[in-house]
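Notes for the structure review
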Amino acid sequence: MPLALLALAVGAFGLGTTEFVMMGLLPDVADDLGISIPTAGHLVSAYALGVVIGAPLLAAVTARMSRRTVLIGLMGLFVAGNALSALAPGEHWLLAARFLSGLPHGAFFGVGAVVATGMVAPERKARSVSLMFLGLTLANIAGVPVATLMGQHLGWRATFLGVSAIGLAAIASLALLIPHDHAHAPAMGLRRELVALKSVPVWLALGTTVAGFGALFSAYSYITPMLTDSAGYADSSVTLLLALFGVGATAGNLVGGRLADHSLRGTLFGGLTSLVVVLSLFPVLMSTQWSAAVAVVLLGTAAFVTGSPLQLMVMEKASAAPSLASSANQAAFNLANAGGAWIGGLALAAGLGVTSPALTGAALAVLGLGVAAVAAVVDRRRVDASPARKRVVATHLPEHAEAARY
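These numbers were taken from a predicted model, which means no experiment stands behind them.

**Points about the overall build of the chain**
A count of helices and strands for the chain gives 19 helices and 0 strands. The buried share among the 406 residues of the chain stands at 53%. Here the chain has roughly 16,800 Å² of accessible surface; of this, 69% comes from carbon and sulfur atoms.

**Let's talk about the side chain of Gln311**
Tracing the backbone shows Gln311 in helix 15 (residues 307-317). Excluding its chain neighbours within four sequence positions, the residues that come into contact with Gln311 are Phe109, Gly110, Ala113, Val129, Phe133, Ser326, Asn329 and Gln330.

**As for the nonpolar core**
Formed by 54 residues in total, the largest nonpolar core has its most connected members in Leu216, Phe282 and Met286. Among the elements that make up this core, the one with the highest residue count is helix 9 (residues 200-220) (9 residues). Ignoring anything within four residues of it in the chain, the contact list for Leu216 reads Phe245, Leu299, Ala303 and Phe304. Among the nonpolar cores identified, the runner-up in size contains 34 residues, and Leu5, Leu74, Ala170 and Ile178 belong to it.

**Regarding the pattern of salt bridges**
Counted according to the given criterion, the structure contains 3 salt bridges. Between Arg157 and Asp32 there is a salt bridge, and its shortest N-O distance comes to 3.7 Å. Of this pair, Arg157 sits in helix 7 (residues 156-177) while Asp32 sits in helix 1 (residues 4-33), and the two are 125 residues apart along the sequence. Residue class for Arg157 comes out partly exposed when judged on its relative accessible area of 27%.

**Considerations on the side chain of Ser291**
Positionally, Ser291 belongs in helix 14 (residues 289-304). Its relative accessible area of 5% is what places Ser291 among the buried residues. Dropping the residues within four chain positions of it, Ser291 is found in contact with Val284 and Leu285.

**Considerations on helix 9**
Counted at 1.5 Å a residue, the expected span for helix 9 with its 21 residues is 30 Å, and the 30 Å between its end C-alpha atoms agrees. With 17 of 21 residues buried, helix 9 is to be regarded as a mostly interior element.

**Examining the packing of helix 4 (residues 67-87) against helix 7**
Two numbers describe how helix 4 lies on helix 7: the axes approach to 8 Å, and their chain directions differ by 165°. One way to sum up the angle between helix 4 and helix 7 is to call them roughly antiparallel. Note that helix 4 runs across helix 7; the crossing there is left-handed. When helix 4 is examined against helix 7, the residues Arg68, Leu71, Ile72, Met75, Gly76, Phe78, Val79, Asn82, Ala83, Ser85, Ala86 and Leu87 are found in contact with a partner set consisting of Trp156, Arg157, Phe160, Leu161, Val163, Ser164, Gly167, Leu168, Ala170, Ile171, Leu174 and Ala175. The residue makeup of the contact of helix 4 with helix 7, split by class, is 17 nonpolar, 5 polar and 2 charged.

**Considerations on the packing of aromatic side chains**
Applying the stated rule across the entire model yields 8 aromatic pairs. Between the aromatic rings of Phe245 and Phe304, the centroid separation amounts to 6.4 Å while the plane-to-plane angle is 75°, which identifies the pairing as edge-to-face. In this pair, Phe245 sits in helix 11 (residues 238-260) while Phe304 sits in helix 14, placing the two residues 59 residues apart along the sequence. Given a relative accessible area of 3%, Phe245 falls into the buried group. Within the aromatic cluster, the residues linked to one another by ring pairs are Phe213, Phe217, Tyr220, Phe245, Phe304 and Phe333.

**Observations regarding the packing of helix 6 (residues 125-154) against helix 11**
Relative orientation of the contacting elements helix 6 and helix 11 amounts to 175°, with a least axis distance of 9 Å. Comparing the axis directions of helix 6 and helix 11 gives the class roughly antiparallel. Taking contact as the criterion, the partners of Ala126, Arg127, Ser130, Leu131, Phe133, Leu134, Thr137, Leu138, Asn140, Ile141 and Pro145 in helix 6 are, on helix 11, Thr239, Leu242, Ala243, Gly246, Val247, Ala249, Thr250, Asn253, Leu254, Gly257, Arg258 and Ala260. Its residues assigned to classes, the contact of helix 6 with helix 11 shows 13 nonpolar, 8 polar and 2 charged.

**Re the environment of Ile178**
Tracing the sequence through the fold places Ile178 in the loop between helix 7 and helix 8 (190-196). The class for Ile178 is buried, based on a relative accessible area of 3%. Considered as a pair, Ile178 and Ala4 are 174 residues apart in the sequence and their alpha carbons are 5.2 Å apart. Discounting residues that sit within four places of it in the chain, Ile178 has contacts with Ala4, Leu8, Arg68, Val115 and Ser173.

**Regarding helix 3 (residues 42-61)**
Here helix 3 contains 20 residues, and its C-alpha end-to-end distance of 28 Å stays within 8% of the 28 Å for a straight helix at 1.5 Å per residue. The largest bend in helix 3 amounts to roughly 35° and is located at Gly54, with the proline Pro56 lying one to four residues further along. Buried within helix 3 are the following residues: Leu43, Ala46, Tyr47, Ala48, Gly50, Val51, Gly54, Ala55, Ala59 and Ala60.

Cut-offs used in this document
- Residues numbered from 1 in each chain as written.
- Predicted model: local features only at pLDDT ≥ 70, side-chain atom pairs only at ≥ 80, totals over all residues.
- Heavy atoms only, no water.
- Helix = DSSP H or I, 4+ residues; strand = E, 2+ residues; numbered from the N terminus.
- Buried < 20%, exposed > 50% of the residue type's maximum accessible area, 1.4 Å probe, protein only.
- Areas by Shrake-Rupley, 256 points an atom, 1.4 Å probe, with all protein chains shown as cover.
- Contact = heavy atoms within 4.5 Å.
- Core = buried A, V, L, I, M, F, W, Y, C linked by side-chain atoms within 4.5 Å.
- Salt bridge = Lys/Arg side-chain N within 4 Å of Asp/Glu carboxyl O.
- Expected span 1.5 Å × (residues − 1).
- Axes fitted to C-alpha atoms, helices over the stretch in contact; angles between N-to-C directions.
- Parallel < 35°, antiparallel > 145°, perpendicular 65-115°, else oblique.
- Left-handed = near helix turned anticlockwise from the far one by under 90°.
- Nonpolar A, V, L, I, M, F, W, Y, C, P; charged D, E, K, R; others polar.
- Phe/Tyr/Trp six-rings, centres within 6.5 Å; stacked < 30°, edge-to-face > 60°.
- Bend = angle between axes of the 7 residues up to and from the residue.

Below is the structure:
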């Protein structure tokens, strides 16, 4: 695998850290700015909104630019957003800075996935994407806990300055390691990029992302009360358990990338099926501490097995606009974050029990399997209906059978 993938992983590590660290800093930010914790929670939403808007917008606007230049520019915007977060004098300035920080997130992963797959042989494409995503999963193991501790001891502003430093390291890595001969996008207009997204298979792949990762976030958004109220863990143990989720996510990401190079759709179906099983068993697994810890690891593994296959599938279905489609998949991922958390919250509000969000997640994973199955049927019909397929079939038919067709 090219060393340049390390540069993409460093950028992903910074993006993953700044996306998830705010959840651990909410009490500190709320106290410092004199706002309530629910109000401070809008800072999480502001980042997600930036991702959803920025992912397709920046990918489309930069479609004709050098992909190497785009990656460096996106990371520069990321550094600026985090530095402004550290210097924000009040709540509204911090909201704007968090929105700005989220803008490059999806586009970086989208363009980065195109660059990563362009540097390797076709049979290693999924693995190259999984190595870029490795930075995101490692952020949950090391980046978020360390950044949270930094914020608790040095102040939350120091956390964002530290994340800015990671961004600067990523810029240096990208400038040094991303080769120029793999950096340029083909020249095509914005209209052609947008037309490529009208394909039904593209939208089915994006729908699978929303349903599949919505299943994850339906449960993961409420993992803390499950661990404390159901499994009986102390609040101080939750940080370590969330790091275990990162371990599982890292393992699932690497395994999924390797398996997807052999069977893209098979890996996707296997990952979603595993997610259904794990989430369905959550009420039982959360009854004891040791099984709850296992459940957290299994949740991360099952969910992130599907990460690389989904990213690669969207890119292949929109081959005329891979950067835009890949970035749109990141927007879908964040829609899954918000939607899954909302649906899981409805189950809690209905009084169905502290582990009920996991069961709603299982239902979403079943929905994801259904969408993936429809996508498989659509792909098969398109292949069978293609002129090339008809010529191949006609060539191998006996003369009388070919005559019978008419």
